[in-house]
Amino acid sequence: MTQDPSATRAGAPRPFGRLLTAMITPFTAGGDLDLDGAGRLAGHLVDEQGADAVVINGTTGESPTTTDGEKEALIRAVVEAVGDRAQVVAGVGTNDTRHTVELAATAQKAGAHGLLVVTPYYNKPPQAGLLRHFTAVADATDLPVMVYDVPHRAGVPIATETLVRLADHERIVAVKDAKGDLTATSWVLSRSGLAYYCGDDALTLPALSIGAVGLVGTSTHFTGALAKRMIEAYDHGDTGQALALHRQLLPLFTGIFRTQGTILVKAGLTQRGLPAGPVRPPLVDATEAEIDQLRSDCADAGLELR
């Protein structure tokens, strides 16, 4: 019997597949948007690294420094490049509900297959405000929504009760979980049909064990093929193989975040001759010492950085 790739061992839905990569945004040497490079990189992530979907215009994609016009152009370029064989999920979250709704509508017109909506950051809304924010965005388009719970960046966690109430919305189907609280995640999973995607590469296997369905990764620019094998091994009941792959990839699952993840991903892609370019301020490009450490982390994970 062939296993349905859209379902987990427990039969839970996988609306965006097993493996998503939060893609960097390639820039030219002068700092302009590199749309051709974005299409080529998306193709690499899908065809060589096994991504079922790519997430663009997220924090890893330097969304705080890209204009609304650049975001729309990026969606169109990536959809044209890989939209026939992978999902394109557009990050549209801001700390302004009206602006987020506008970005969501634009993403749908540009061809995105789904939306990633981060918790409004810095202004620290109460849970009632979070509920209204996510519901307003979900009401604005016909696209499925993945809520992004990342309190160490946003400043506010999405409470269990809020997530359970959000699950009642027909288009709020998934969570990118970077809360790092497996107990809270377990409670939401026990009380809702939300599909949970781990948002912390190193916690993917533990998250799978409590019912998560996959990973939205950053190190998966390099580890994608093996990370997907880890998820598939767990799905097929081969927990020993899944654990071996988890331990193999741990140096890069964690090492990619020795400094801000975008910085090291772009440095590593450049070393491999793939589209990346510089980061935009206030980020700064990796130092030689940081690149050397990344090379060492890759080697410890059984991968080459070249």
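In this text the structure is predicted, and so the values were computed from the model without any measurement.

## Points about the packing of helix α10 (residues 239-255) against helix α12 (residues 288-300)
Reasoning step 1: Put simply, α10 and α12 touch, their axes get as near as 7 Å, and they point 155° apart. On the basis of the axis angle, α10 is roughly antiparallel to α12. Contacts between α10 and α12 pair Q248, P251, L252 and G255 from the former with L294, D297, C298 and D300 from the latter.
Reasoning step 2: For the contact of α10 with α12, the per-class residue count stands at 4 nonpolar, 2 polar and 2 charged.

## Regarding the layout of surface pockets
Reasoning step 1: The space that makes up the largest pocket amounts to roughly 390 Å³.
Reasoning step 2: Taken together, 21 residues line the largest pocket, and the ones lying closest to its centre are T59, S63, P64, G93 and Y121.
Reasoning step 3: Of the residues that constitute the lining of the largest pocket, the class distribution is 9 nonpolar, 9 polar and 3 charged.
Reasoning step 4: Of the voids in this model, the second largest pocket is the one considered here, and its volume is about 320 Å³.
Reasoning step 5: Forming the boundary of the second largest pocket are 22 residues, of which Y148, R153, G199, T218 and F257 lie nearest the centre.
Reasoning step 6: Counting only elements with at least two residues in the lining of the second largest pocket, the list comes to α5 (151-154) and α11 (261-271).

## Things to note about the nonpolar core
Nonpolar side chains tend toward joint burial in soluble globular proteins.
Reasoning step 1: Within the largest apolar cluster, 80 residues are counted, with the highest numbers of intra-cluster contacts made by V78 and L115.
Reasoning step 2: No other element matches helix α9 (residues 220-235), which puts 7 residues into this core.
Reasoning step 3: Excluding residues within four positions of it along the chain, L115 makes contact with V89, A90, V92, A104, A107, V137, T141, L143, P144, V145 and M146.
Reasoning step 4: Among the nonpolar cores identified, the runner-up in size contains 17 residues, and A22, V55, V89 and A178 belong to it.

## A short note on the UniProt feature "active site" (unreviewed entry) in the chain
Reasoning step 1: UniProt annotation of "active site" (unreviewed entry) refers to Y148 and K176 when read in the numbering used here. A stretch of 29 residues holds the annotated residues, and the largest C-alpha distance among them is 4.6 Å, short enough that they meet in one place. Checking the annotated residues one by one, the ones that line the largest pocket turn out to be Y148.
Reasoning step 2: In this fold, Y148 is placed in strand β5 (residues 145-149).
Reasoning step 3: What Y148 contacts, discounting residues up to four positions off in sequence, is L116, V117, V118, T119, I158, K176 and A178.
Reasoning step 4: Locating K176 in the fold gives a position in strand β6 (residues 172-177).
Reasoning step 5: Given the relative accessible area of 6%, K176 is considered buried.
Reasoning step 6: With residues up to four places along the chain from it excluded, the contact list for K176 reads A22, L116, M146, V147, Y148, D149, Y197, G199 and V216.

## Regarding the packing of aromatic side chains
Reasoning step 1: Taken as a whole, this structure holds 1 aromatic pair when the rule is applied.
Reasoning step 2: Between K176 and the ring centre of Y148, over which it is positioned, the NZ or CZ distance is 4.1 Å.
Reasoning step 3: R280 extends its terminal NZ or CZ atom over the ring of F27, reaching a point 4.1 Å from the ring centre.

## Some remarks on the packing of helix α2 (residues 68-82) against helix α3 (residues 97-110)
Reasoning step 1: Relative to each other, α2 and α3 sit at 30°, their axes nearing to 9 Å. In terms of orientation, α2 and α3 fall into the roughly parallel class. For the element pair α2 and α3, the recorded crossing hand is right-handed. For the pair α2 and α3, the contacting residues are D68, K71, E72, I75, R76 and V79 in the first and H99, L103, T106, A107, K109 and A110 in the second.
Reasoning step 2: Here the residues of the contact of α2 with α3 sort into 5 nonpolar, 2 polar and 5 charged.

## Topic: the side chain of D34
Reasoning step 1: Turning to its location among the elements, D34 is positioned in the loop between β1 (19-22) and α1 (35-47).
Reasoning step 2: Of note is the side chain of D34, whose polar atom sits 2.8 Å from the backbone nitrogen of G37.

## Comments concerning the sheet that holds strand β4 (residues 114-118)
Reasoning step 1: In space, the 8 strands of this closed barrel follow the order β1-β2-β3-β4-β5-β6-β7-β8, with parallel pairing throughout. Taking each pair of neighbouring strands and ignoring which way they run, the sheet shows an average axis angle of 25°.
Reasoning step 2: Of the strand pairs in this sheet, strand β3 (residues 87-91) and β4 are connected by 3 bridges, and their pairing is parallel. Each bridged residue has a counterpart across the sheet, and for V89 the counterpart in β4 is G114.
Reasoning step 3: Of the strands in this sheet, β2 (53-56) and β3 are in contact with α2, which crosses β2 at around 170°.
Reasoning step 4: The strands that helix α4 (residues 127-140) touches are β4, β5 and β6; relative to β4, the one it contacts most, it runs at about 165°.

Parameters at a glance
Residues numbered from 1 in each chain as written. Predicted model: local features only at pLDDT ≥ 70, side-chain atom pairs only at ≥ 80, totals over all residues. Heavy atoms only, no water. Axes fitted to C-alpha atoms, helices over the stretch in contact; angles between N-to-C directions. Helix = DSSP H or I, 4+ residues; strand = E, 2+ residues; numbered from the N terminus. Parallel < 35°, antiparallel > 145°, perpendicular 65-115°, else oblique. Contact = heavy atoms within 4.5 Å. Nonpolar A, V, L, I, M, F, W, Y, C, P; charged D, E, K, R; others polar. 1 Å grid on protein atoms, 1.4 Å probe; cavity = no way out; pocket = protein on both sides within 12 Å on 5 of 7 lines; lining within 4 Å. Points joined across faces, edges and corners; volume = space filled by probe spheres on them. Core = buried A, V, L, I, M, F, W, Y, C linked by side-chain atoms within 4.5 Å. Buried < 20%, exposed > 50% of the residue type's maximum accessible area, 1.4 Å probe, protein only. UniProt positions renumbered as here; feature names shortened; annotations may be inferred. Phe/Tyr/Trp six-rings, centres within 6.5 Å; stacked < 30°, edge-to-face > 60°. Lys NZ or Arg CZ within 6 Å of the ring centre and 35° of its normal. Left-handed = near helix turned anticlockwise from the far one by under 90°. Polar contact = N/O pair within 3.5 Å; in protein donor to acceptor, adjacent residues only side chain to side chain. Pairing = 2+ DSSP bridges.

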